[in-house]
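Secondary and tertiary structure notes
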Amino acid sequence: MRRDPSESLARYFRRRGTPAFTAEQYTRQGMLDALREMRRRQAHEQGVKFLGQAAQVFARDLTEVLDLPLADIATVLLAAGGAVGVIAELYSLEATTVAGVLQYAADDLDQQAKAGERP
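Read on for an overview of the structure. (Residues numbered from 1 in each chain as written. Predicted model: local features only at pLDDT ≥ 70, side-chain atom pairs only at ≥ 80, totals over all residues. Heavy atoms only, no water.)

Let's shift gears to unusual backbone geometry. For Ser92, which is not glycine, the phi torsion reads 50 degrees and is therefore positive. Relative to the helices and strands, Ser92 resides in the loop between helix H4 (70-91) and helix H5 (95-114). (Helix = DSSP H or I, 4+ residues; strand = E, 2+ residues; numbered from the N terminus.)

Pasting the structure below:
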């Protein structure tokens, strides 16, 4: 039986003190709970304060251009943020490269949607 690679990654990040979930363990609410706990514990740190402020502006900007329910936007951001966070950490990627990964994924999904396919 083949091992789930997400288990190895989850162990790696847990050893570093970062909450991590395997694909099997992932739930939207579980991720939100872990994120909120981490924000609560680190609320006094300057970097976390900046992230909160930047996130408010980013969220406002997104809601102005996207005609989607807030919960749907949150779900996509949560999953995408976790996925690109892992990639960025493992490969020491710069922000513009991470943005490119998201944009390429969007393009791939758009092309599949136009062709009536499902990934």
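Following the structure, the description resumes.
Moving on, we come to helix H2 (residues 28-41). With 14 residues, H2 ought to run about 20 Å at 1.5 Å a step, and its terminal C-alpha atoms sit 20 Å apart, in line with that. For H2, the set of buried residues is Gly30, Met31, Leu32 and Ala34. Here the buried face of H2 lies against H4. (Expected span 1.5 Å × (residues − 1). Buried < 20%, exposed > 50% of the residue type's maximum accessible area, 1.4 Å probe, protein only. Contact = heavy atoms within 4.5 Å.)

Its 20 residues give helix H3 (residues 46-65) an end-to-end C-alpha distance of 29 Å, which sits within 8% of 28 Å, the value for a rise of 1.5 Å per residue. Of all the positions in H3, only Val48, Gly52 and Leu62 are classed as buried. One side of H3 carries all its buried residues, which in axial view fall inside an arc of 100 degrees. The exposed set on the far side of H3, more than 90 degrees from its buried face, consists of Gln46, Phe50, Gln53, Gln56, Glu64 and Val65. Looking at the packing, one finds that the buried side of H3 touches H2 and H4. (Arc of directions from axis to C-beta.)

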